[in-house]
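Structural characterization, general
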Amino acid sequence: MIRFILLQNRAGKTRLAKYYVPVSDGEKRKLEYDVHRLIVGREPKHTNFVEFKAYKVVYRRYAGLFFSIGLDSGDNELVTLEAVHLFVEILDHFFSNVCELDLVFNFHKVYLILDELVMAGEIAESSKKVILERLAELDKIDT
C-alpha cells in the first residue's frame, strides 16, 4: 500500500503531498524533511529505492523535482517506479511540457490527476489513455 506521495524541488520545498494514512501535521513536516534529506544526497548510480523507517521510499528525479512514494516493505518497487513515470507522462501531456510552476498554480488539477491514478493507497488505473480521456471529460465539464 502507498503511504504517501511527495513532490519536492531540489531546495526541499514540497510542491505536492498526499497521505493515504493518518499522519499528524508535525509528523508530516518531519517526514517531508527526512525524505528530502535522504534522497537529495544520493548518487545517481544508486537505485531509486531506499529503506526508510518501517517502509520503502521509491523516488525519481525529473528536472528539478523529486517524485517520492512511500510504500509498505512488501510492495513491488518496480511497479511503483513505473507508476511515477506514468504520472509524469500524464502531467507532461496534460500541461504540455510540465514545469514546477504548473504544479504550483494548478495544484487542484495535479491532485485530480493523482486521484485518477491512485485511490486509497493503491494504483487504480495504469492506462495513460484512459486517464487522459477521463481528464478530457472533466475538463469539458469545467469549461
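Residues numbered from 1 in each chain as written. Predicted model: local features only at pLDDT ≥ 70, side-chain atom pairs only at ≥ 80, totals over all residues. Heavy atoms only, no water.

In the annotation of an unreviewed UniProt entry, the protein is listed under the name AP complex subunit sigma and assigned to Raphidocelis subcapitata. Under the UniProt heading Sequence similarities (unreviewed entry), the note attached to the protein is "Belongs to the adaptor complexes small subunit family." (UniProt positions renumbered as here; feature names shortened; annotations may be inferred.)

Considerations on the overall build of the protein
Along the backbone of the protein there are five helices and seven strands. In the protein, the succession of helices and strands from N to C terminus is β-β-α-β-β-β-α-α-α-β-β-α. The C-alpha radius of gyration computed for the protein amounts to 15 Å, which stays within 12% of the reference 15 Å derived for 143 residues, consistent with globular compactness. In terms of its C-alpha atoms, the protein occupies a principal-axis envelope of roughly 45 × 35 × 30 Å. (Helix = DSSP H or I, 4+ residues; strand = E, 2+ residues; numbered from the N terminus. Rg over C-alpha atoms; globule rule 2.2 N^0.38 Å.)

Digging into the sheet that holds strand β4 (residues 55-62)
Taken in spatial order, the five strands make up an open sheet running β2-β1-β5-β4-β3, and their pairing is antiparallel. At either margin of the open sheet sits one strand with a lone partner, and together these are β2 (14-19) and β3 (49-52). Geometrically, the sheet is characterised by an average inter-axis angle of 20° between neighbouring strands, direction not taken into account. Note: strand β1 (residues 2-9) against strand β5 (residues 65-72), seven bridges, orientation antiparallel. Bridge pairing in β5 places Asn-9 opposite Leu-65. (Pairing = 2+ DSSP bridges. Axes fitted to C-alpha atoms, helices over the stretch in contact; angles between N-to-C directions.)

Topic: the packing of aromatic side chains
Enumeration over the complete set of coordinates arrives at six aromatic pairs. Geometrically, the ring pair formed by Tyr-62 and Phe-67 is edge-to-face, given 5.7 Å between the ring centres and 90° between the ring planes. Phe-67 carries the same exposure label as Tyr-62, and that label is buried. A network of ring pairs unites the aromatic residues Phe-4, Tyr-19, Phe-52 and Tyr-55 as a single cluster. (Phe/Tyr/Trp six-rings, centres within 6.5 Å; stacked < 30°, edge-to-face > 60°. Buried < 20%, exposed > 50% of the residue type's maximum accessible area, 1.4 Å probe, protein only.)

Details of the UniProt feature "domain: AP complex mu/sigma subunit" (unreviewed entry) in the protein
Taking the UniProt record as the reference, the feature "domain: AP complex mu/sigma subunit" (unreviewed entry) is found at residues 1-141. The span residues 1-141 carries 47% helix and 27% strand; its end-to-end C-alpha distance comes to 32 Å.

Some remarks on empty space enclosed by the protein
Taken as a whole, this structure holds one cavity of 30 Å³ or more when the rule is applied. Every residue lining the largest cavity is listed: Ile-2, Ile-5, Phe-67, Ser-68, Ile-69, Ala-83, Val-84, Phe-87, Leu-114, Leu-117, Val-118 and Ile-123. (1 Å grid on protein atoms, 1.4 Å probe; cavity = no way out; pocket = protein on both sides within 12 Å on 5 of 7 lines; lining within 4 Å. Points joined across faces, edges and corners; volume = space filled by probe spheres on them.)

As for the nonpolar core
Of all hydrophobic cores here, the largest spans 28 residues; its most connected members are Ile-5, Phe-67, Phe-87 and Leu-91. For this core, the secondary-structure elements that each account for two or more residues are β1, β4, β5, α2 (77-95), α4 (107-117) and α5 (128-142). Residue contributions to this core peak at eight residues, all from α2. For Ile-5, the residues in contact, after removing those within four places along its chain, are Leu-16, Ala-17, Lys-18, Tyr-20, Ser-68, Ile-69, Leu-114 and Val-118. Listed in part, the 12 residues of the second largest apolar core include Tyr-19, Val-35, Phe-52 and Tyr-59. (Core = buried A, V, L, I, M, F, W, Y, C linked by side-chain atoms within 4.5 Å. Contact = heavy atoms within 4.5 Å.)

Quick look at the pairing of β3
Side-chain alternation along β3 places Val-50 and Phe-52 on a buried face and Phe-49 and Glu-51 on a face that remains uncovered. Looking at chain direction, β3 and β4 are connected through four bridges and run antiparallel. Bridge pairing in β4 links Val-50 to Val-57. Remark: two residues form the turn of the hairpin made by β3 and β4, two consecutive strands paired antiparallel; Lys-53 in that turn has positive phi of roughly 55°.

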